[in-house]
Amino acid sequence: MKDLLRTSTSLIEGIENILNLQAKIESDASNKYLAMAAWLDRNGFDNTASYMYKQAEEEREHFLKVFRYITDMGGIAVTPSVPEVQQEFASFREVFEIALQNEIAVTQAINKVIAKCRAENDYATEDFMMWYVAEQREEEKNARRALELFELINENEATGKFELDLQISKIG
Amino acid sequence: MALVSDLTTKILFETEKGYSYQCDLTNSIIINFVDTVSSYKIHDFLIFQRKVNNVDILNMLYDLSDKSDAQLIETTKRNFSRNLTICEIVQLRELLNGTKFTLNLHSMLCNILKVELI
Ligand SMILES: [Fe+2]
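- Under the annotation held in an unreviewed UniProt entry, chain A carries the name Ferritin and is attributed to Flavobacterium cupreum.
- Annotation of chain A in UniProt includes, under Subcellular location (unreviewed entry), the sentence "Cytoplasm".
- According to the UniProt record, the Catalytic activity (unreviewed entry) comment for chain A is "4 Fe(2+) + O2 + 6 H2O = 4 iron(III) oxide-hydroxide + 12 H(+)".

1. Focus: the packing of helix α3 (residues 46-72) of chain A against helix α5 (residues 123-152) of chain A
Residues and elements named next belong to chain A.
In step 1: Orientation of α3 relative to α5, taken along the N-to-C sense of each, is 170°, at an axis distance of 12 Å. Accordingly, the angle class assigned to the pair α3 and α5 is roughly antiparallel. On the side of α3, the interface is formed by Tyr 51, Gln 55, Glu 58, Glu 59, His 62, Lys 65, Val 66 and Tyr 69, while α5 contributes Ala 124, Thr 125, Phe 128, Trp 131, Tyr 132, Glu 135, Glu 139 and Asn 142.
In step 2: A class-by-class count of the residues in the contact of α3 with α5 yields 7 nonpolar, 4 polar and 5 charged.

2. Thoughts on the UniProt feature "binding site: Fe cation" (unreviewed entry) in chain A
Residues and elements named next belong to chain A.
In step 1: Within this structure's numbering, the places UniProt gives as "binding site: Fe cation" (unreviewed entry) are Glu 26, Glu 59, His 62, Glu 103 and Gln 136. Across 111 residues in sequence, these annotated residues keep their C-alpha atoms within 12.9 Å of one another, forming a single compact spot.
In step 2: By secondary structure assignment, the location of His 62 is in helix α3.
In step 3: Note on placement: Gln 136 falls in helix α5.
In step 4: Overall, the relative accessible area of 3% leaves Gln 136 in the buried class.

3. Points about the confidence of the model for chain B
Close reading of the predicted structure is inappropriate where its pLDDT is low.
Residues and elements named next belong to chain B.
In step 1: Per-residue confidence for chain B gives a mean pLDDT of 87, with 89% of residues at or over 70.
In step 2: Below pLDDT 50 for its whole length, residues 1-5 participates in 0 contacts with residues either more than four positions away or in separate chains.
In step 3: Both scores are given for the predicted complex: the pTM is 0.87, the ipTM 0.79.

4. A closer look at the coordination of the iron ion
Where a metal carries four tetrahedral donors, each ideal angle is 109.5 degrees; where it carries six octahedral donors, the ideal angles are 90 or 180 degrees.
Residue and element names in this part refer to chain A.
In step 1: Within the protein, Glu 26 (OE), Glu 59 (OE) and His 62 (ND1) serve as the donor atoms for the iron ion, at 2.1 to 2.2 Å.
In step 2: Residue classification places Glu 26 among the buried positions, given a relative accessible area of 0%.
In step 3: On the basis of relative accessible area, His 62 is assigned to the buried category, the value being 3%.

5. Thoughts on the packing of α3 of chain A against helix α4 (residues 92-119) of chain A
Residues and elements named next belong to chain A.
In step 1: Contact geometry for α3 and α4: axes closest at 13 Å, N-to-C directions at 20°. The orientation of α3 with respect to α4, classified from their angle, is roughly parallel. The way α3 lies across α4 gives a crossing that is left-handed. The residues of α4 that touch α3, namely those facing Thr 48, Met 52 and Glu 59, are Phe 92, Val 95, Phe 96, Ala 99 and Glu 103.
In step 2: In terms of residue class, the contact of α3 with α4 is built from 5 nonpolar, 1 polar and 2 charged.

6. Topic: a nonpolar patch on the surface
In step 1: Together, Phe 101, Leu 105, Met 108, Leu 109, Ile 112 and Leu 113 of chain B line one region of the surface with nonpolar side chains, adding up to about 600 Å² of accessible area.
In step 2: You can call Met 108 of chain B exposed: its relative accessible area is 55%.

7. Details of the UniProt feature "domain: Ferritin-like diiron" (unreviewed entry) in chain A
In step 1: Taking the numbering used here, the UniProt-annotated feature "domain: Ferritin-like diiron" (unreviewed entry) corresponds to residues 9-154 of chain A.
In step 2: With 79% helix and 0% strand, the stretch residues 9-154 of chain A has end C-alpha atoms that lie 55 Å from each other.

8. Here's the deal with the side chain of Ser 38 of chain B
All names here are of chain B.
In step 1: Inspection of the secondary structure assignment puts Ser 38 in strand β4 (residues 36-41).
In step 2: In terms of polar contacts, Ser 38 uses its side chain to reach the side chain of Tyr 40, at 2.8 Å.
In step 3: Among all residues touching Ser 38, those that are not within four sequence positions of it are Ile 29, Ile 30, Ile 31, Asn 79 and Phe 80.

What counts, and where the lines are drawn
- Counting restarts for each chain, with residues numbered from 1 along the sequence as it is written.
- Whichever chain is written first becomes A and whichever ligand is written first becomes 1, with later ones labelled in order.
- Reporting in this predicted model follows two pLDDT cut-offs: at least 70 for local features of residues, and 80 or more for side-chain atom pairs to be given and counted; totals over whole chains, interfaces and linings ignore these cut-offs and use all residues.
- Side-chain numbers come from the whole structure's heavy atoms, not from hydrogens or water.
- UniProt positions are given in the numbering used here, feature names are shortened, and annotations may be inferred rather than shown by experiment.
- Between N-to-C directions, angles cover 0 to 180 degrees, with each direction set by a line fitted to C-alpha atoms, over the stretch in contact for helices.
- Only DSSP runs of H or I with at least four residues qualify as helices, and only runs of E with at least two residues qualify as strands; both kinds are numbered from the N terminus onward.
- Oblique is the label for every angle not falling under 35 degrees (roughly parallel), over 145 degrees (roughly antiparallel), or within 65 to 115 degrees (roughly perpendicular).
- The contact criterion used throughout is that any non-hydrogen atoms of two residues lie within 4.5 Å.
- Under this grouping Gly is polar, as are all residues other than the nonpolar Ala, Val, Leu, Ile, Met, Phe, Trp, Tyr, Cys and Pro and the charged Asp, Glu, Lys and Arg.
- Here's how the labels work: a residue is buried when its accessible area is under 20% of the maximum for its type, exposed when over 50%, partly exposed in between, all with a 1.4 Å probe on protein chains only.
- Residue-level confidence of the predictor is summarised by pLDDT, bounded by 0 at the bottom and 100 at the top.
- Donor atoms (N, O, S) are those found within 2.8 Å of the metal centre, with the cutoff raised to 3.2 Å for Na, K and Ca; water is not part of the atom list, so apparent gaps in a site can occur.
- Should the near helix be turned counterclockwise from the far one by less than a right angle, the crossing is left-handed, whereas a clockwise turn marks it as right-handed.
- In this analysis, a patch consists of residues with relative accessible area above 30% that form no salt bridge, clustered at 9 Å for like charges and at 5 Å for the nonpolar side chains Val, Leu, Ile, Met, Phe, Trp and Tyr.
- Throughout, the Shrake-Rupley method with a 1.4 Å probe supplies accessible areas, and for residues the shown protein chains are the sole cover considered.
- Between Lys or Arg on one side and Asp or Glu on the other, a salt bridge is scored when a side-chain nitrogen of the former is within 4 Å of a carboxyl oxygen of the latter.
- Residues adjacent in sequence count toward polar contacts only when both atoms are side-chain atoms; beyond that, a polar contact is any pair of N or O atoms within 3.5 Å, and within protein one must be able to donate a hydrogen and the other to accept it.

If you want it as structure tokens, here you go:
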């Protein structure tokens, strides 16, 4: 009898599930950044708004990359549902605090995928996920740099917010 | 024309309400459930199995209105389209999950045996 499962896909179910979850996390991240971009835009932070729009697009690409990997490997990619995301923020600074928290959560999720790949001997997926490891290293560094700038530039001084908006948008 | 004995060796799972087998000629899974025969490529089978498992049976049980007595279960490419009662959904689940179990087991065995042969 033929092994129909193995000939149709190189992903075992557990890996397929965790990749679909990762796709959803990336897609959610894209929406979170989009909401941040809108908030920044309507509060006058034009430069960081553009920066966040760009982040939103990047996350969308991360999402598509996993999504297509699943189908390329013969798996079943499930279009993620779109949940509500935070639309309002208490302050300019809070936006970047939450952004960093999000990036840390994404890094942890990626580490879990890799741990699962190792447990299941799926080295192809592990190799694929290594791109995300490098990407997260950059993302976390950039998010942390934004908060660092809040320490360096006093947002309550005359042109503080204006300067922060400019400097943060230059990160990366 | 496949022999009957050939067919029976490829039976994947059998319950009181139906059985399933694998057709190596067409690379498909054939499900015979309460006299409805439908055939699936592996992906469509997996999607069908997940769909049946995702039916919210508890919700159907607690909902006393007539519309919750049965639910239309349809698959991709319209291999299967029937109004199933709660009881039938549970029976179909048993058949599909059993089938999936055999497929997994077979795949695992193939994997292990190949490794040992090399
Ligand atoms: Fe990402």
